[in-house]
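Structure assessment
Take a look at the letters that make up each chain.
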Amino acid sequence: AQTVTQSQPEMSVQEAETVTLSCTYDTSESDYYLFWYKQPPSRQMILVIRQEAYKQQNATENRFSVNFQKAAKSFSLKISDSQLGDAAMYFCAYRSAFAAGGFKTIFGAGTRLFVKA
Amino acid sequence: EAGVAQSPRYKIIEKRQSVAFWCNPISGHATLYWYQQILGQGPKLLIQFQNNGVVDDSQLPKDRFSAERLKGVDSTLKIQPAKLEDSAVYLCASSLPGLNYGYTFGSGTRLTVV
């Protein structure tokens, strides 16, 4: 079974600086998708960025980028020029690409990010 | 486009009572998911629908939880009878077909069982 581990329960960053959130996963599958979701206090989870395992190029969405290391099974999220609105819980997620697993998504336990003004 | 709608937003019930949550996914999203998020944890999948058929309900406590998705659109999740450990946020999500699509989540229902 696949697992997702986020080893940092909390992180904090100064406004305008850069922060990296860590995520590792365990799988025996060769093809899958990885995601980062943001959950603000309003509780609605928002997709931040996605990565397809067969693509070597790291995904980027504006101030958000990932460092995907397939061999190491690592998928970290870098937030540049941090803003107060970035404060939230961040969840790393793994989605199987195989029908036997129902293509279901497994989430890590989350990292709470604090942004200091 | 309209988002995923969920109601109620909050619910407080006593243990052994029953409760139901409603979800209306984004129009055209064939796949619908119910997740349980206990405080301080990541969401855990309860059940996944593809149109009105169940794809995965392996982690649904079937002795007390039930879910349906009539006509492949709206869905209802029910708990009967509720236990204290059911206190959590219940999130509904929907997605387009295709693995590279992420999920669109609703705002969730926070259930407190006392």
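Summary of the structure given here. The shown structure was predicted, so the numbers you read here are calculated from the model rather than taken from an experiment. (Residues numbered from 1 in each chain as written. Chains lettered and ligands numbered in written order. Predicted model: local features only at pLDDT ≥ 70, side-chain atom pairs only at ≥ 80, totals over all residues. Heavy atoms only, no water.)

Observations regarding the overall build of chain A
What counts is decided by this rule: Each helix is a run of H or I in the DSSP string that is no shorter than four residues. Each strand is a run of E no shorter than two, and both are numbered from the N terminus. Throughout, the radius of gyration refers to the C-alpha atoms, and the reference size of a globule is 2.2 Å times the residue count to the power 0.38. Think of it in three bands: with a 1.4 Å probe and only protein chains considered, a residue is buried below 20% of the maximum accessible area for its type, exposed above 50%, and partly exposed in between. Each accessible area value is a Shrake-Rupley result obtained with a 1.4 Å probe; residue values ignore everything except the protein chains displayed when judging cover. All tallies of charge rest on Lys and Arg as positive and Asp and Glu as negative; His and the ends of each chain are not included. To locate a charge, take atom NZ for lysine, CZ for arginine, CG for aspartate or CD for glutamate.
The secondary structure content of chain A amounts to 0 helices and 12 strands. Written out in order from the N terminus, the α and β elements of chain A read β-β-β-β-β-β-β-β-β-β-β-β. The C-alpha atoms of chain A give a radius of gyration of 14 Å, which matches the 13 Å a tight globule of 117 residues would have. Per-residue burial for chain A yields a buried fraction of 49% across its 117 residues. In the structure as shown, chain A presents an accessible area of about 5,600 Å², 48% of it carried by carbon and sulfur atoms. Between the mean site of the 12 positive side-chain charges and the mean site of the 10 negative ones, chain A shows a separation of 5 Å.

Some words on the sheet that holds strand β3 (residues 19-24) of chain B
Residues and elements named next belong to chain B. Cut-off, in case you're wondering: Pairing between two strands requires that DSSP report at least two bridges joining them. In this analysis an axis means a line fitted to C-alpha atoms, helices contributing only their contacting stretch, and an angle means the value between N-to-C directions, from 0 to 180 degrees.
A sheet is described by the order of its strands in space; here 4 strands give the open sequence β1-β3-β8-β7, paired in antiparallel fashion. The sheet is open, and its two edges are formed by β1 (5-7) and β7 (65-68), each paired on a single side. Put simply, the sheet's adjacent strands are angled 15° from each other on average, direction ignored. For β7 and strand β8 (residues 75-79), the ladder comprises 4 bridges, and the chain directions are antiparallel. Within β8, the position partnered with Ala67 by the bridge is Leu77.

Let's talk about the interface of chain A and chain B
Just so we agree on the cut-off: Note on contacts: a residue pair is in contact if any heavy atoms of the two residues lie within 4.5 Å. A simple way to read buried area is as the amount of 1.4 Å-probe accessible surface that goes missing from two parts once joined, with both sides added. In the sections that follow, a salt bridge refers to a side-chain nitrogen of Lys or Arg positioned within 4 Å of a carboxyl oxygen of Asp or Glu. Counting of polar contacts relies on pairs of N or O atoms within 3.5 Å, with two restrictions inside protein: one atom must be capable of donating a hydrogen and the other of accepting it, and residues adjacent in sequence are counted only when both atoms are side-chain atoms. Throughout, the ten residues Ala, Val, Leu, Ile, Met, Phe, Trp, Tyr, Cys and Pro are labelled nonpolar, Asp, Glu, Lys and Arg are labelled charged, and all others, Gly among them, are labelled polar.
The partner chain B presents 30 residues to the 23 residues of chain A that form the contact. Buried area between chain A and chain B, summed over both chains or domains, comes out near 2,000 Å², and the portion from carbon and sulfur atoms is 47%. Looking at the side of chain A facing chain B, the largest losses of area belong to Arg43, Arg95 and Lys104 of chain A, adding up to 33% of the total buried there. Where chain A touches chain B, the interface holds 0 salt bridges. The tally of links between chain A and chain B comes to 10 residue pairs in polar contact (both at pLDDT 80 or more). Contributions of two or more residues to the side of chain A that touches chain B are made by β5 (32-39), β6 (46-52), β10 (88-96) and β11 (105-107) of chain A. Sorting elements by how many residues they give to the side of chain A that touches chain B places β5 of chain A first, with 4 residues. Of the residues assigned to the side of chain A that touches chain B, the class counts are 10 nonpolar, 8 polar and 5 charged.

Things to note about the packing of aromatic side chains
Our working definition: Working definition: rings of Phe, Tyr and Trp (its six-membered ring) pair if their centres are within 6.5 Å, and the pair is stacked with planes under 30 degrees apart, edge-to-face with planes over 60 apart, and tilted otherwise. Remark: a charge is flagged as sitting over a ring if the NZ atom of Lys or the CZ atom of Arg is within 6 Å of the ring centre and within 35 degrees of the ring normal.
Evaluation of the coordinates by the stated rule reveals 17 aromatic pairs over all chains. Ring geometry for Tyr35 of chain B and Tyr103 of chain B: centres 6.3 Å apart, planes at 50°, overall tilted. With a gap of 68 residues between them, Tyr35 of chain B in strand β4 (residues 31-37) and Tyr103 of chain B in the loop between β9 (88-95) and β10 (104-105) connect regions that are remote in the sequence. Tyr103 of chain B carries the same exposure label as Tyr35 of chain B, and that label is buried. One aromatic cluster is present, built from ring pairs that chain together Phe35, Tyr37 and Phe107 of chain A together with Tyr33, Tyr35, Tyr103 and Phe105 of chain B. Looking at Arg43 of chain A, its charged tip hangs above the ring of Tyr10 of chain B, at a distance of 5.2 Å from the centre.

Concerning the state of the cysteines
All names here are of chain B. Operational definition: Our working definition of a disulfide is a cysteine sulfur pair at a distance within 2.5 Å.
Going through the model one piece at a time under the given rule, you end up with 2 disulfides over all chains. There is a disulfide in this structure between Cys23 and Cys92, and the S-S distance comes to 1.9 Å. With the S-S dihedral at roughly -70°, the linkage between Cys23 and Cys92 falls on the left-handed side. In this pair, Cys23 is assigned in strand β3 and Cys92 in strand β9, connecting sequence segments 69 residues apart. A residue is classified by how much of its surface remains accessible, and Cys23, at 0% relative accessible area, is buried.

Observations regarding the nonpolar core
Which entries qualify depends on this criterion: We call a set of buried Ala, Val, Leu, Ile, Met, Phe, Trp, Tyr and Cys residues a nonpolar core when their side-chain atoms join them within 4.5 Å.
In terms of nonpolar packing, the biggest core is built from 25 residues, with Tyr25, Trp36, Phe75, Leu77, Tyr90 and Leu113 of chain A touching the most fellow members. For this core, the elements supplying multiple residues, two or more each, are β3 (19-21), β5, β6, β8 (64-69), β9 (74-79), β10 and β12 (111-116) of chain A. If we ignore the near neighbours within four places in the chain, the residues touching Leu113 of chain A are Met11, Ser12, Val13, Val19, Leu21, Ile79, Asp86, Ala87, Ala88 and Tyr90 of chain A. Cys23, Trp34, Leu46 and Val113 of chain B belong to the second largest nonpolar core, which has 21 residues in total.

By themselves, these figures tell us nothing about what the structure is for.
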